[in-house]
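# Coordinates in review
Given next are the chains, with one letter for each unit.
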Amino acid sequence: MINTKGLKKIFQAGDVETIALRDVSIDVEKGDFVAVMGPSGCGKTTLLNILGLIDNPNDGEYYFNGQEVSKLHDKQKAVLRKKNIGFVFQNFNLIDELTVRENIELPLIYLGWKKKDRKKRVDEVIERMEISHRKNLFPAQLSGGQQQRVAVARAVIARPALILADEPTGNLDSMHGEEVMNLLNELNKEGTTIVMVTHSRRDASYSRRIIHLFDGQVINENLNKFL
Amino acid sequence: MISNYFKIGFRILNRQRSYTVLNILGLTIGIAVFVFIYLYVQSEVRYDRYWTDSENIYRVWAEYKLEGKVERVAITPFKLADELQKNFPEIRVSTKLFFTDPSDVNDLSSLTYNDEVFEVQNITLSDSGLFRIFDYNFSEGDPWSALSAPNSIVISSKVAKEIFGDKKALGKKLKSMRREYTVTGVFEENICPTHLNFDAVVSESSLSPQNLRRLKSDWYHLGFYTYLKLDDTVSVKSFEKRINEYTSKEIKAYVDSAGVNIDGYMIFSLDPVRHVHFNTTLSYDSPSNANPAYLIIFSIIAGFILLTASINYINLAMARSLKRAKEVGMRKVLGAFRKQLALQYVSEAFIVVLIAFVLALSLVELLMPWFNALVGKHLTLAGTLFSIHGIGFGVLLILMIVVLALGSGLFPAFVLSRFNPATVLKGNNFMATIRGKQKISAGGIRKILVIIQYVVSIGMIIATLIIFFQMRFLKNNDLGFDAENVIVINTPDDTAYFHYATSFINELKTVPGVEAVSSTSNVPGYTYGKALFYVGDSSGDSLKTMSFYVVDTAFFQLLKIPLLEGEYFKTGMENDTTRYYILNEAAVETLNLKHPVGTEFDASFFNEPGGKIVGVVGNFSQSSLHSTIEPMTILLYPEQSRYLLVRLNENRNEEALAGIQKVWSKYNKGRYMHYSFLEDKIQSLYAADRKMLSLFSYFTFFVMFISSLGLYGLSSLLIEQRTKEIAIRKVLGGSDKRIILLLVKDYFRLVLIAGLVASPVVYYLMNRWLNTFSVHITLNGWYFVAGILAMMALALITVIIRSYHVLRQNPAPALKYE
């Protein structure tokens, strides 16, 4: 599903150049669950942003379902993204002004779904995520775990083939963290490909494969021994 | 989908309530001021547009040259209208309207009914063409025939109500000092604005046969407005040419028959009646005529005020969007197109603008009486909305809502929706890409917009200062005489008056509180007459046109006009056969007289020459300081007086006034005493300028207020973003003063740049304005420095108010937050 060849990303701040990614080539098969690990600043989030088509590499190739996507226009990327990719962030990134229901519904609005279809699908997911009793609350009225559930619900609402999760449990206590990981695990079992950036070995243990990044380079790629 | 944008918009606005309030407040004021200016300008523009076939109605004005001097006047000979009507069949109707000097209220300004005297300000004279051209509605009588018969009078419904109450006016008798008139019609005051301004009209056939004969023969007696209603098909240019061919022949024949040798000409031109109100270039025209430049200036200001409010919205939206970056980023991640993001911003702007509109219109309705008093009009919002112009006004309002919402919403939407989501999610100072090349940071755009606001504010502050000081200068300007504590009384316009004038004046002098009394032909500082004078001997080449007053012996001492040479008029001189003159300095200079005192001098209207100059006085103001001081001659000839000047011992001495009124009533039975304070009369010359000053001051205040609101909001947001920096500085020992300076420094720079942009523009415009006065202040750097400093002070105060709160806070929480 994902093939990258020699991805390179440089951040420039004045005269200072920071190389976030150098020559990163990875492959993720359909249905895979990959954890990306590494110390702070090693380029994990940058890699995820590029994979998610919300940032551009300076060099290298990125094939998504066999199509080279790194040089597409913003609009083409947006179309590809909203059809295929769901995101889960460490800090949830829910929109404060929208209710739980509306946050979850948002991707479907951007996909141009009809109101009736949206309602049906949102009800389904809300049911599944066990948040029906909170669907009319605003994010600020929820606990962190609940917010992340909403974020996951939003990520899966359009049935994306790929979910990119950036430290999904980073702001949660262990109990809520486990709940979220279980959710992701279930989704993976149902066929969704997942790429997850994490610091936590425990979270990584849910994955099938770990990619270790260090200083912007892939240093080790193992099949998860727990598989 | 759209309703969704609005729903979210409402929530966002509700959450960030203080910014919403700032925005709505700014826009409300901006829109309200705009609507006021619109209504004002509209009411001016609509002058004389609603007469039937108003596009075919013209007023004739004259340009004449006499003794080397060219004058353009709104008044024409009495006979012009009839002559043209007789000879040019393309004229459907013509009429003439007597020119009443607005300063000159005399006997005709009061009417007696059942022995009760009523003051009626504007009584004029016309013929039956008047109401055929200007189709006033008549509540009584027939407009077409009302002015046909001799001794007919048509009165306004207001006058009718005042005199007759609810009773019918038609057929009732009203008396002036000379004759009795029969009311033949009552017209409704026009709701549509017009330059015509009369409360009552008498028929021309009421004039005495000898007066009528004189007027009908004389081409050089200018004293009437002439109006023509032409056929649709007439080409005005060729018509003007043809009438001038005709009139110049007639005038030449008239001059030849009179046997005088006049070097000059008189040509007539046509002004569409719709343009009359905007013509301020003619003498003897309606004083309420509007300078179109003021209207343009006001319209531009209206636009600027809206722009200022709009810029507030844009700036606050952009500054706020740093806080909203996460939301924008997330929406992009979730696949929102730019159009969809833009729509969200625009719907928010739409909500704000809509609320502001409702509030603004309510505010306009509420403040309308105050505004009407300020501009001297009778405007109503509902009146405009539900009148025939309502559609245009309604469309304009809707258009404004759309333009404001799009203008305010699209700009931030355009800039912000361009950002790379990954960058925005990090919350850096983002860059906008314009056509893929240039990069302008949001901060840069904000600065440019703030500079635009400051340019407008500073420009208006400076302009207001200049207008204010010029007005003060005019008020304090040495008129050349002492106008304080002097009242002006109109004397009866009747030869019988001169039989008792002396005893009347003498008795006035005995009223306690009265210091001096003098009679004069003109109100000093206000109006003057013009005539031809012989200097030296009475041969033709020494004929000069000069302004003149005719006064009595007390005139100069009463007004305290300084004597430079010779002597003042002395008691006894008025009985001599020699006529005595006093000249002003300017006249001596113009005539180039080395030894003026004793020089032979006389007005050409005296058949037998026999006058001399006895003194020279300092220049004194003769009329509005918009015009220059002219060479002037003052003749001792009390019988020609039209006004009495009375000097009181103290200002507004009520007791003395009552005493004067008593003496007046004793000598002038049945006559209304029209009087005014000389100072008021002189100040009334600047009424239009003062109106402009007060309007300008209000506009300036609102522009400053709106930009301060914007600055307040903007600095709030920027301070919020710099909370951490401020905390670190405090921890490191920065004093409050230094931190405030740091915060305000940026604004100072912007104010300075704006000041540099505004100054030359204001200098150019205000210099042009000042040059319309014969005396004016000189523009120096201080006005500009003061304007810039005022704006800086305002910025400083705003930032201090805003940062006070932050500076009082404990720095620890700000540092912990990341």
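None of the values given here were measured: they were computed from a predicted structure.

About the cut-offs
Residues numbered from 1 in each chain as written. Chains lettered and ligands numbered in written order. Predicted model: local features only at pLDDT ≥ 70, side-chain atom pairs only at ≥ 80, totals over all residues. Heavy atoms only, no water. Helix = DSSP H or I, 4+ residues; strand = E, 2+ residues; numbered from the N terminus. Buried < 20%, exposed > 50% of the residue type's maximum accessible area, 1.4 Å probe, protein only. Contact = heavy atoms within 4.5 Å. Buried area = accessible area lost by both parts, 1.4 Å probe. Salt bridge = Lys/Arg side-chain N within 4 Å of Asp/Glu carboxyl O. Polar contact = N/O pair within 3.5 Å; in protein donor to acceptor, adjacent residues only side chain to side chain. Axes fitted to C-alpha atoms, helices over the stretch in contact; angles between N-to-C directions. Parallel < 35°, antiparallel > 145°, perpendicular 65-115°, else oblique. Left-handed = near helix turned anticlockwise from the far one by under 90°. Expected span 1.5 Å × (residues − 1). Bend = angle between axes of the 7 residues up to and from the residue. Patch = residues over 30% accessible without salt bridge, like charges linked within 9 Å, V, L, I, M, F, W, Y side chains within 5 Å. Areas by Shrake-Rupley, 256 points an atom, 1.4 Å probe, with all protein chains shown as cover. Phe/Tyr/Trp six-rings, centres within 6.5 Å; stacked < 30°, edge-to-face > 60°. Lys NZ or Arg CZ within 6 Å of the ring centre and 35° of its normal. pLDDT = per-residue confidence, 0-100. Core = buried A, V, L, I, M, F, W, Y, C linked by side-chain atoms within 4.5 Å. 1 Å grid on protein atoms, 1.4 Å probe; cavity = no way out; pocket = protein on both sides within 12 Å on 5 of 7 lines; lining within 4 Å. Points joined across faces, edges and corners; volume = space filled by probe spheres on them. Nonpolar A, V, L, I, M, F, W, Y, C, P; charged D, E, K, R; others polar. Pairing = 2+ DSSP bridges.

### A look at the overall build of chain B
Scanning chain B from terminus to terminus reveals 24 helices and 27 strands. When the backbone C-alpha atoms are referred to their principal axes, chain B occupies close to 105 × 60 × 50 Å. Scored against the burial criterion, the 818 residues of chain B give a buried share of 54%. Counted over contacts in chain B with a minimum sequence separation of 6, partners at least 24 positions apart contribute 80%.

### Brief notes about the interface of chain B and chain A
If you look at the interface, chain B gives 23 residues, while chain A gives 25 residues. Taken together, both faces of the contact between chain B and chain A bury some 2300 Å²; the carbon and sulfur share is 61%. The tally of links from chain B across to chain A stands at two salt bridges. Measuring nitrogen to oxygen at the nearest pair gives 2.4 Å for the salt bridge that ties A:Glu102 to B:Arg11. Summed over the shared surface of chain B and chain A, the result is five residue pairs in polar contact (both at pLDDT 80 or more).

### A few points about the packing of helix H22 (residues 736–770) of chain B against helix H23 (residues 781–808) of chain B
In helix packing, the relevant descriptors are the interaxial angle and the interaxial distance, both defined with respect to the helix axes. All names here are of chain B. In contact at an axis separation of 8 Å, H22 and H23 are set at 155° when each is read in the N-to-C sense. Of the possible angle classes, the one that applies to H22 and H23 is roughly antiparallel. Along this stretch, H22 crosses H23, giving a crossing that reads as right-handed.

### Quick word on helix H15 (residues 497–509) of chain B
Residue and element names in this part refer to chain B. Here H15 spans 17 Å end to end across 13 residues, near enough to the 18 Å set by a 1.5 Å rise per residue. The largest bend in H15 is about 30°, located at Ser503. Against the buried residues of H15 lie strand S18 (514–520), strand S26 (643–648) and helix H18 (654–667).

### Observations concerning the pattern of salt bridges
Side-chain pairing between opposite charges can occur once the charged atoms of the two side chains come close. In this structure the tally under the stated criterion is 36 salt bridges over all chains. Here A:Glu124 and A:Arg121 are joined by a salt bridge, their closest N and O atoms 3.0 Å apart. Of this pair, A:Glu124 and A:Arg121 both sit in helix H4 (residues 115–128), three residues apart, which is roughly one turn of the helix. Look at A:Arg121 and you get buried, because its relative accessible area is 10%. Its salt-bridge partner being B:Asp482, residue B:Lys560 comes within 3.3 Å of it at the nearest N-O pair. Highlighted residues: B:Lys560 in the loop between helix H16 (555–559) and strand S21 (563–566) and B:Asp482 in the loop between helix H14 (442–476) and strand S17 (486–490), separated in sequence by 78 residues. Residues joined by salt bridges that share partners form a network here, namely B:Asp53, B:Arg92, B:Asp231 and B:Asp232.

### Describing a nonpolar patch on the surface
All names here are of chain B. Taken together, Ile296, Ile300, Phe304, Leu307, Ile448 and Ile452 make up a surface patch of nonpolar side chains, about 510 Å² in accessible area. Contributions of two or more residues to the nonpolar patch are made by helix H9 (292–333) and H14. Sort the elements by how many residues they give to the nonpolar patch and H9 lands first, with four residues. Locating Phe304 in the fold gives a position in helix H9. Using a relative accessible area of 35% as the deciding quantity, one classes Phe304 as partly exposed.

### A few points about the environment of A:Asn58
Residue and element names in this part refer to chain A. With respect to the helices, strands and loops of the structure, Asn58 is situated in the loop between helix H1 (44–51) and strand S5 (59–64). Relative accessible area serves as the criterion here: at 46%, Asn58 is assigned to the partly exposed category. Counting along the chain gives 44 residues from Asn58 to Glu102, while the straight-line C-alpha distance between them is 36 Å. Once residues within four sequence positions are removed from consideration, Asn58 is found in contact with Lys8, Lys9 and Ile10. A polar contact of 2.6 Å, which involves the side chain of Asn58, links it to the backbone nitrogen of Ile10.

### Considering the side chain of B:Gln470
The topology assignment puts B:Gln470 in helix H14. A polar contact is formed between the side chain of B:Gln470 and the backbone nitrogen of B:Ile777, at a distance of 3.0 Å.

### Regarding the packing of aromatic side chains
Residue and element names in this part refer to chain B. Inspection of the entire model under this criterion finds 48 aromatic pairs over all chains. Centroid distance Phe533 to Phe601: 5.4 Å. Interplanar angle 20°. Geometry classified as stacked. Linking Phe533 in strand S19 (residues 529–535) with Phe601 in strand S23 (residues 601–603), this pair joins segments that are 68 residues apart in sequence. The buried category is assigned to Phe533, whose relative accessible area is 1%. Note on Phe601: relative accessible area 1%, which makes it buried. Counting every residue linked through ring pairs, the aromatic cluster contains Trp51, Phe131, Phe134, Tyr136, Phe138, Phe187, Phe198 and Tyr227. Of note, Lys96 hangs over the ring of Phe78, and the distance from its end group to the ring centre comes to 4.9 Å. Note that Lys681 overlies the ring of Tyr526, its terminal NZ or CZ placed 5.3 Å from the centroid.

### Thoughts on the confidence of the model for chain B
Residue and element names in this part refer to chain B. Per-chain confidence: chain B averages 84 in pLDDT, with 91% of residues scoring 70 or above. Here strand S15 (residues 431–434) is the element of chain B with the lowest mean pLDDT, 40, and strand S9 (residues 152–156) is the one with the highest, 95. Low confidence marks residues 426–440, where pLDDT is under 50. Its contacts with residues over four positions away, or in another chain, come to 27 contacts. Predicted complex, confidence summary: ipTM 0.74, pTM 0.76.

### A look at the nonpolar core
Of all hydrophobic cores here, the largest spans 132 residues; its most connected members are B:Ile31, B:Tyr454 and B:Phe569. Those residues in contact with B:Tyr454 that sit more than four places away from it in its chain are B:Gly459, B:Leu711, B:Tyr747, B:Leu750, B:Val751, B:Ala754, B:Met791 and B:Ala795.

### Thoughts on empty space enclosed by the protein
All names here are of chain A. Under the definition given, this model contains nine cavities of 30 Å³ or more. Within this model, the largest cavity holds a volume of roughly 90 Å³. For the lining of the largest cavity, the secondary structure elements donating two or more residues are helix H2 (74–84), strand S7 (85–88) and helix H5 (144–156). Sort the elements by how many residues they give to the lining of the largest cavity and S7 lands first, with three residues. Across the lining of the largest cavity, the residue classes break down as nine nonpolar, one polar and three charged.

### Let's talk about the environment of B:Glu574
Residues and elements named next belong to chain B. Secondary-structure assignment places Glu574 in the loop between S21 and strand S22 (579–584). Accessibility expressed as a relative area gives 32% for Glu574, which makes it partly exposed. In this structure the C-alpha to C-alpha distance between Glu574 and Ala587, which are 13 residues apart in sequence, comes to 22 Å. At 3.0 Å, the side chain of Glu574 forms a polar contact with the backbone nitrogen of Gly572.

### Concerning the side chain of B:Ser157
All names here are of chain B. Tracing the backbone shows Ser157 in helix H5 (residues 157–164). Classification of Ser157 by relative accessible area gives buried; the value is 18%. Of the polar contacts made by the side chain of Ser157, one reaches the side chain of Glu189; its length is 2.9 Å. Those residues in contact with Ser157 that sit more than four places away from it in its chain are Val186, Phe187, Glu188 and Glu189.

### With respect to the confidence of the model for chain A
Averaged over every residue, the pLDDT of chain A is 86; the share at 70 or more is 96%. Within chain A, the lowest mean pLDDT, 69, falls on strand S11 (residues 217–223) of chain A, and the highest, 93, falls on strand S9 (residues 193–197) of chain A.

### Quick notes on unusual backbone geometry
A positive phi is found at A:Asn93, a non-glycine position, where the angle reads about 50°. Here A:Asn93 shows up in the loop between S7 and helix H3 (100–111). One non-glycine residue with positive phi stands out, namely B:Asp48, at about 55°. By secondary structure assignment, the location of B:Asp48 is in the loop between helix H2 (17–45) and strand S1 (57–66). A relative accessible area of 1% means that B:Asp48 is categorised as buried.

### A few points about the pairing of S9(B)
All names here are of chain B. Along S9, five of the five residues are buried, which leaves the element largely enclosed by surrounding structure. Of the two faces of S9, both are covered, the one formed by Ser152, Val154 and Ser156 as well as the one formed by Ile153 and Ile155. As paired elements, S9 and strand S11 (residues 180–187) share five bridges and run parallel to each other. Its bridge partner lying in S11, Ile153 is registered against Val183. As judged from the three bridges shared by S9 and strand S12 (residues 200–203), these two strands associate in the antiparallel manner. Residue pairing in the sheet places Val154 in a bridge with Val201 of S12.

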